[in-house]
Amino acid sequence: PDIVWFGEPLAPDHLGRLERFLLAADDAGVPSHFVAIGTSGAVQPAASFVRYAKACGAEAWLNNVDARAENERHFDHVVGGPATQVVPSLLRRVV
């Protein structure tokens, strides 16, 4: 629902909004994708987002400079490399 920079707290309603969005997409039969960019996938609170998304039927993608991420087992796809180089082609595959 928004961008959260390292060290910033989440607005209290963001996680609930994300969960409602994913559940509505799942109920409607709309394929959804969760894409985490520029993160190890292990730092909270963002690390929990992938589990919410997967529980709601989303396909999960992770992009990080290092292809090996501590939390990578929770993602369906892990793409290593700088976001400036990887994200455009990643989004073409997702969208």
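Keep in mind the model is a prediction, meaning the values are calculated, not measured.

A. Focus on the overall build of the chain. Check the secondary structure of the chain and you find three helices and three strands. The order of α-helices and β-strands along the chain, N terminus first, is α-β-α-β-β-α. Taken over the C-alpha trace, the chain has a radius of gyration of 13 Å; the compact-globule value for 95 residues is 12 Å, and the two agree within 12%. The dimensions of the chain, computed from C-alpha atoms along their principal axes, are 35 × 30 × 20 Å. Sequence separation of at least 24 residues holds for 51% of the intrachain contacts in the chain that already meet a minimum separation of 6. Each charge class in the chain can be summarised by its mean position, and for the 8 positive and 11 negative side chains these summaries are 4 Å apart.

B. How the structure looks around the pattern of salt bridges. Inspection of every chain in the model, using the stated rule, returns one salt bridge. Two residues, K54 and D76, come together in a salt bridge whose shortest N-O distance is 2.5 Å. Taken together, the residues span a long stretch of sequence, with K54 in helix α2 (residues 46–55) and D76 in the loop between β2 (59–64) and β3 (77–80) at a distance of 22 residues. With a relative accessible area of 33%, K54 lands in the partly exposed category. On the basis of relative accessibility, which here comes to 39%, the residue D76 falls in the partly exposed class.

C. A look at the side chain of N64. With respect to the helices and strands, N64 occurs in strand β2. The class for N64 is buried, based on a relative accessible area of 15%.

D. Focus on the pairing of strand β1 (residues 33–37). Only one face of β1 is buried, namely the one carrying F34 and A36, since none of H33, V35 and I37 on the opposite face is buried. Here five bridges tie β1 to β2, and the two strands are oriented parallel to one another. Across the sheet, residue F34 finds its bridge partner in β2, namely A60.

E. Quick look at the environment of S89. The topology assignment puts S89 in helix α3 (residues 83–94). Given the relative accessible area of 32%, S89 is considered partly exposed. Engagement of the side chain of S89 in a polar contact is seen with the backbone oxygen of V86, the distance being 3.1 Å.

Cut-off values and rules
- Residues numbered from 1 in each chain as written.
- Predicted model: local features only at pLDDT ≥ 70, side-chain atom pairs only at ≥ 80, totals over all residues.
- Heavy atoms only, no water.
- Helix = DSSP H or I, 4+ residues; strand = E, 2+ residues; numbered from the N terminus.
- Rg over C-alpha atoms; globule rule 2.2 N^0.38 Å.
- Contact = heavy atoms within 4.5 Å.
- Lys, Arg positive; Asp, Glu negative; His and termini not counted.
- Charge placed at Lys NZ, Arg CZ, Asp CG, Glu CD.
- Salt bridge = Lys/Arg side-chain N within 4 Å of Asp/Glu carboxyl O.
- Buried < 20%, exposed > 50% of the residue type's maximum accessible area, 1.4 Å probe, protein only.
- Pairing = 2+ DSSP bridges.
- Polar contact = N/O pair within 3.5 Å; in protein donor to acceptor, adjacent residues only side chain to side chain.

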